[in-house]
Amino acid sequence: MAQPSDVAPEILLKRYQDLPDRKLLRAVIKEAFPGRIAVVSSFGAESAVVLGLVAQIDPSVPVIFLDTGKHFPETLDYRDQLIERFGLSDVRSVKPALMDLAREDPDGTLWERNTVRCCELRKVAPLSRALKGVDAWVTGRKRFHGALRSYLPRIEHDGTHFKINPIVDWSAEQIDRTFDDLNLPRHPLTEDGFLSIGCAPCTQAPLDGDAVRSGRWAGSVKTECGIHDRPVTTAASGPRRPGA
Ligand code: SF4
């Protein structure tokens, strides 16, 4: 069978765009990108769903966690809890480059002055390094998480990697039900009303209960960290920027 690198991205996008959650995950892990795919997880409020689905297929699929140095201690504990629960055998906690931090954020307060640059140093650049060697990564993004995500397809290509969004069309209720049905542990901060959980300095409970991500970088225009900023191609369209 032709390897993914031998096949035009447009053909792979069309081949997999209509497969639902579990079927899509099985196809990309076992058929399209065996040994060349990773999951990127924040170990946040809803992360257990995708990690659980992946683990049912293959718990040795690499999981990349962007260990920014700014996470809540509860998130780090939850990461360890899910690793054990799902038997994840290859979780890679990826840290920012020490030289970058020494040069631009020696006292760890860059987030107070420039959240865009802080996310570049602590998330975007480390992810870029971590994705070397894979052709595809799995995300847990959902359309109900806001306007910028409402357009998302199940699979897209950013010029370098395929991005797989297996639960993109799931609702909040479906996610909630899955937690109950599979008896999945919840992130401890959900008890305090947190719906979307990132770095501690930039996360609070939602300002608007209907806007899941409204507690992220609250009070600023920033709504995304930047790891999804590269222009993407989907089966339904040519290259475009997210939200364009
Ligand atoms: Fe820095 Fe905040 Fe971005 Fe985390 S979310 S990397 S603390 S700006």
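The text that follows walks through the structure, step by step, so that each part is easy to find. (Residues numbered from 1 in each chain as written. Predicted model: local features only at pLDDT ≥ 70, side-chain atom pairs only at ≥ 80, totals over all residues.)

### Brief notes about the overall build of the chain
Check the secondary structure of the chain and you find eight helices and eight strands. Taken along the three principal axes of its C-alpha coordinates, the chain extends 50 × 40 × 35 Å. The buried share of the chain, reckoned over its 244 residues, is 35%. Of the contacts formed within the chain by residues at least 6 apart in sequence, a portion of 72% connects residues at least 24 apart. (Helix = DSSP H or I, 4+ residues; strand = E, 2+ residues; numbered from the N terminus. Buried ≥ 20, exposed ≤ 12 C-beta atoms within 10 Å, placed from the backbone. Contact = placed C-beta atoms within 7 Å.)

### Quick look at the site of the ligand
For the ligand, the set of nearby residues contains 13 residues, the closest of which are C118, C119, R122, C199 and C202. Here the element with the most residues in the shell around the ligand is helix 7 (residues 115-130); it accounts for five residues. (Near = placed C-beta within 6 Å.)

### Looking at the nonpolar core
Soluble, globular proteins show a tendency: their nonpolar side chains are buried together. Counting 39 residues, the largest nonpolar core has V28, I37, V39, L51 and V54 as the members making the most contacts within it. Elements with a contribution of two residues or more to this core: helix 1 (9-16), helix 2 (21-32), strand 1 (37-40), helix 3 (47-57), strand 2 (63-66), helix 4 (73-86), strand 4 (136-138) and strand 6 (162-164). Broken down by element, the residue count for this core peaks at seven residues, all from helix 3. Among all residues touching V39, those that are not within four sequence positions of it are V50, L51, V54, V61, V63, I64, W137 and V138. Core analysis: the next-biggest nonpolar cluster, separate from the first, contains six residues, W111, C118, C225 and I227 among them. (Core = buried A, V, L, I, M, F, W, Y, C linked by C-beta atoms within 7 Å.)

### Re the environment of A205
By secondary structure assignment, the location of A205 is in the loop between helix 8 (172-181) and strand 7 (232-234). C-alpha of A205 to C-alpha of G215: the two residues are 10 residues apart in sequence and 5.1 Å apart in space. Setting aside its immediate chain neighbours within four residues, A205 contacts D192, G193, F194 and G215.

### As for the pairing of strand 3 (residues 91-94)
Pairing of strand 2 with strand 3, which is carried by four bridges, proceeds in the parallel orientation. Bridge pairing in strand 3 links L66 to V94. In the classification by handedness, the crossover that spans strand 2, the intervening helix 4 and the parallel strand 3 is right-handed. (Pairing = 2+ DSSP bridges. Right-handed = clockwise from strand over helix to strand, strands pointing away.)

### As for the environment of H187
Looking at the element boundaries, H187 is found in the loop between helix 8 and strand 7. A residue is classified by how many C-beta atoms lie within 10 Å of it, and H187, with 25 of them, is buried. It is 7.1 Å that separates the C-alpha atoms of H187 and T75, two residues lying 112 residues apart in sequence. Ignoring any residue separated from it by four or fewer positions in sequence, one finds H187 in contact with G44, A45, E74, Y78 and I197.

### Description of the environment of I197
Within the secondary structure, I197 sits in the loop between helix 8 and strand 7. For I197, the contacting residues outside a window of four places in its chain are S42, G44, A45, T75, H187, L189 and T203.

### Quick word on helix 3
The buried count for helix 3 comes to eight of 11 residues, which makes it a mostly enclosed element. For helix 3, the complete set of buried residues consists of S47, A48, V49, V50, L51, L53, V54 and A55. Residues of helix 3 that are buried in the fold lie against helix 2, strand 1, strand 2, helix 4, strand 4 and helix 8.

### Things to note about unusual backbone geometry
Positioned with a positive phi, F43 is a non-glycine residue whose angle comes to about 50°. Of note, F43 is situated in the loop between strand 1 and helix 3. On the basis of neighbour count, F43 is assigned to the buried category, with 26 C-beta atoms found within 10 Å. Although it is not a glycine, W217 adopts a positive phi angle of roughly 45°. Following the sequence through the fold, W217 ends up in the loop between helix 8 and strand 7. Using a count of 22 C-beta atoms within 10 Å as the deciding quantity, one classes W217 as buried.

### Overview of the pairing of strand 1
Remark: a regular strand shows side chains that alternate across the two faces of the sheet. Every second residue of strand 1 is oriented toward a common face, with I37 and V39 on one face and A38 and V40 on the other, all of them buried. Relative to strand 4, strand 1 runs parallel, the two sharing three bridges. Along strand 4, the bridge assignment pairs I37 with A136. For strand 1 and strand 2, the ladder comprises two bridges, and the chain directions are parallel. Note that in strand 2 the partner of V40 across the bridge is I64. This β-α-β element, strand 1 to helix 3 to strand 2, shows right-handed connectivity.

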